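# Coordinate inspection notes
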Amino acid sequence: MQLSRTLKGQEEIFNLGHTLRPRHRQILFSVGNGISFGELRSKLPNCAELETMVNELLQNGFIQSLRNRAAGHAAAAVSTPAPGPVNLMEVQTYVLEFMAGLVGTQSPAYKQMCAVQDVAGFNAVLPVCRKVIAAVASPHQAAEMEAGVAQRMGG
């Protein structure tokens, strides 16, 4: 089962909600933009009540199963094929959604990416976004974002 944070979960992490106990917050932070339950278990091997806490986070709306979300995204992706070799708007939207899920929308890097108008500007801002994601979330997630960008840019 793939898990990801919901908007409520993002607000808990990035808007300093602090309504959860520390262990639940740790799990919520580890879930990030998407992780399988098995990966989460290996990230937190000493958490004996992981399954119970994940279920509590699911029931309270802090995280969601990606199976539910993926169906809507798959339908949207099929109906809007990318014209030409590079659809800058599609790639920019991907980065913005990725960043919003991990670092929020108040980051200066997020705002710089919003203002990008061309491929050269995109290529100039992308390393800044990568550094912010690596610092706030993890280098693994920064690399995942870069791989997604490379895939969408056709290389």
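Summary of the structure given here. (Residues numbered from 1 in each chain as written. Predicted model: local features only at pLDDT ≥ 70, side-chain atom pairs only at ≥ 80, totals over all residues. Heavy atoms only, no water.)

### Here we look at the sheet that holds strand β1 (residues 2-5)
One open sheet holds the 3 strands; their spatial order is β2-β1-β3, and the pairing between them is antiparallel. Edge positions in the open sheet fall to β2 (35-36) and β3 (63-65), since each of these has one partner strand only. Both β1 and β3 contribute to a ladder of 3 bridges, which runs antiparallel. Bridge assignment links Leu3 to a residue of β3, and that residue is Ser65. This element, helix α4 (residues 50-59), spans β1 and β3 of the sheet and lies at about 95° to β3. (Pairing = 2+ DSSP bridges. Helix = DSSP H or I, 4+ residues; strand = E, 2+ residues; numbered from the N terminus. Contact = heavy atoms within 4.5 Å. Axes fitted to C-alpha atoms, helices over the stretch in contact; angles between N-to-C directions.)

### Here we look at the side chain of Ser36
Summarising the element assignment, Ser36 is placed in strand β2. Residue class for Ser36 comes out buried when judged on its relative accessible area of 17%. Ignoring any residue separated from it by four or fewer positions in sequence, one finds Ser36 in contact with Met1 and Gln2. (Buried < 20%, exposed > 50% of the residue type's maximum accessible area, 1.4 Å probe, protein only.)

The values are spatial; any link to function lies outside them.
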